[in-house]
Amino acid sequence: MNESGQILDLAAVEKYMRVHLREFEGPLDAKKFETGQSNPTFLLNTPSRNYVLRRKPTGVLLKSAHAVEREFRVQKALAETSVPVATMLHLCEDNAVIGSSFYIMDHVNGRNFVEPTLAKLDNDSRRLVIDEMARVLAELHKVDIDLVGLSDYGPSGNYFERQLARWSKQYLLTQTQPITAMDQLISLLQTQMPADDGQRSLVHGDYRIDNMIFQHNGTSCLALLDWELSTIGHPYADLAAVIMQWQMPPGQEGRGLASVDRKALGLPTDQQFIDTYCEYRGLKVIENFNFYLAFSFFRMAAILQGVLKRALGGNASNPDHAQKLGEYVPVFARKGLEALVK
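Residues numbered from 1 in each chain as written. Predicted model: local features only at pLDDT ≥ 70, side-chain atom pairs only at ≥ 80, totals over all residues. Heavy atoms only, no water.

- Named according to an unreviewed UniProt entry, the protein chain is Phosphotransferase originating from Parasedimentitalea maritima.

Take a look at the structure:
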């Protein structure tokens, strides 16, 4: 199987699964999900049940990127918590099998919402889905990382300083053209960095509605997906990422809520979502939120720059979509600057 340049040797996968998964019964076929730009993801079909395989992409990779091993570890650790995750079945770190590390998880049968407008739902259902989004995020940030064995999942120290340094470096390594707004944003984030308030929790790193699977006929979340960017860090990074996404234009590209009449659709304002999250976590107020929002715009710009670089190098999971995403790098940089001067 070869889709968008990403090869999956089905014969090798089937042979491997027969040995390592007791319940497996073939024959096997596969279909690549269109989503999952970073790590190609495949639906594996068998007569008795379905699985999902997630692998590293082909080609030359940045040292710390595409860590499917970390994705497997964190989701397995969360299995007995209040954070909904898919059941992890097996991790393969032997590159000889299909050319890279991969893991297999249970297929979660539910529905996925690509955009936060939730166009196919009524107002009451929209409200409940977004409330569930706030609840799951709060539950994630309440996880006892020592109890679940993730205390070493990320370094200690100021999370935002660490992330700013990391993504600035990644951005420079993948830069394809000068972007003045990005240079200015990096500089301002360095000078306006808040003092570390001591909060240290598990963070998802890409918390969005399209990374969640919900019940077919309900509003409960069945699984939170795409944990590649997860680490131990500051919970406000995840919260700000939600608000960042909502400030982008609606539609397949922006997937945001800018200019949308939220009240008419039963959707909360940014502040109402923040307040709901705080209520679930037992917090009173979040100071200096605009810094966290600006940081989120910066970080996403750096991530998308990497996606663009892979597309230009022929290593993207979906090259055309990746190049379109890359066009948003200067947009996110400008949005980050706007957040800092509010």
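**Regarding the side chain of S201**
Here is step 1 of the chain: Note on placement: S201 falls in strand β8 (residues 201–203).
Here is step 2 of the chain: Sequence-distant contacts of S201, that is, excluding residues within four places in its chain, are made with H141, I145, T231, I232, G233, H234 and P235. (Helix = DSSP H or I, 4+ residues; strand = E, 2+ residues; numbered from the N terminus. Contact = heavy atoms within 4.5 Å.)

**Observations concerning the packing of aromatic side chains**
Here is step 1 of the chain: Under the counting rule described, the total for this entry stands at 14 aromatic pairs.
Here is step 2 of the chain: Aromatic side chains Y16 and F102 sit 5.6 Å apart centroid to centroid with 70° between the ring planes, which places their arrangement in the edge-to-face category. Here F102 lies in strand β7 (residues 102–106) and Y16 lies in helix α1 (residues 10–20), a separation of 86 residues in the sequence.
Here is step 3 of the chain: Using a relative accessible area of 14% as the deciding quantity, one classes Y16 as buried.
Here is step 4 of the chain: Since its relative accessible area comes to 0%, F102 is described here as buried.
Here is step 5 of the chain: The interplanar angle of 50° and the centroid separation of 5.5 Å between the aromatic rings of F113 and F214 together place this pair among those described as tilted. Taken as a pair, F113 in the loop between β7 and α3 (123–141) and F214 in strand β9 (residues 212–214) lie far apart in primary sequence, 101 residues in all.
Here is step 6 of the chain: A connected cluster of aromatic rings, assembled from ring pairs, spans Y159, F160, Y236, F291, Y292, F295 and F298.
Here is step 7 of the chain: The residue whose ring lies beneath R70 is Y153, and the NZ or CZ to ring-centre distance is 3.9 Å. (Phe/Tyr/Trp six-rings, centres within 6.5 Å; stacked < 30°, edge-to-face > 60°. Buried < 20%, exposed > 50% of the residue type's maximum accessible area, 1.4 Å probe, protein only. Lys NZ or Arg CZ within 6 Å of the ring centre and 35° of its normal.)

**Side note on the confidence of the model for the protein chain**
Here is step 1 of the chain: Of the residues in the protein chain, 94% have a pLDDT of 70 or more, and the chain-wide mean is 91.
Here is step 2 of the chain: Scored below 50 in pLDDT, residues 1–6 makes 21 contacts in the model with residues more than four places away or belonging to other chains. (pLDDT = per-residue confidence, 0-100.)

**Some words on the sheet that holds strand β5 (residues 50–55)**
Here is step 1 of the chain: Across the sheet, five strands lie side by side as β3-β4-β5-β7-β6; this open sheet has antiparallel pairing. The sheet is open, and its two borders are formed by β3 (29–32) and β6 (88–92), each paired with just one other strand. Direction aside, neighbouring strands of the sheet carry axes that sit 25° apart on average.
Here is step 2 of the chain: Packing of α1 onto the sheet brings it into contact with β3, β4 (41–45), β5, β6 and β7, and relative to β6 it is tilted by some 115°.
Here is step 3 of the chain: The strands that helix α2 (residues 68–77) touches are β5, β6 and β7; relative to β6, the one it contacts most, it runs at about 155°. (Pairing = 2+ DSSP bridges. Axes fitted to C-alpha atoms, helices over the stretch in contact; angles between N-to-C directions.)

**Considerations on the packing of helix α9 (residues 289–312) against helix α10 (residues 319–326)**
Here is step 1 of the chain: At a minimum axis distance of 8 Å, the contact between α9 and α10 shows a crossing angle of 140°. Taken as axis vectors, α9 and α10 run oblique relative to one another. Pair α9 / α10 crosses with left-handed handedness. Facing L304, V307, L308, A311 and L312 of α9, the residues of α10 in contact are P319, A322, Q323, L325 and G326.
Here is step 2 of the chain: Taken together, the residues of the contact of α9 with α10 break down into eight nonpolar, two polar and no charged. (Parallel < 35°, antiparallel > 145°, perpendicular 65-115°, else oblique. Left-handed = near helix turned anticlockwise from the far one by under 90°. Nonpolar A, V, L, I, M, F, W, Y, C, P; charged D, E, K, R; others polar.)

**So, the side chain of H141**
Here is step 1 of the chain: The topology assignment puts H141 in helix α3.
Here is step 2 of the chain: Side chain to side chain, H141 and Y277 meet in a polar contact 2.7 Å long.
Here is step 3 of the chain: Leaving out residues up to four positions away in the same chain, H141 has contacts with S201, L202, V203, P235, D238, Y277 and R281. (Polar contact = N/O pair within 3.5 Å; in protein donor to acceptor, adjacent residues only side chain to side chain.)

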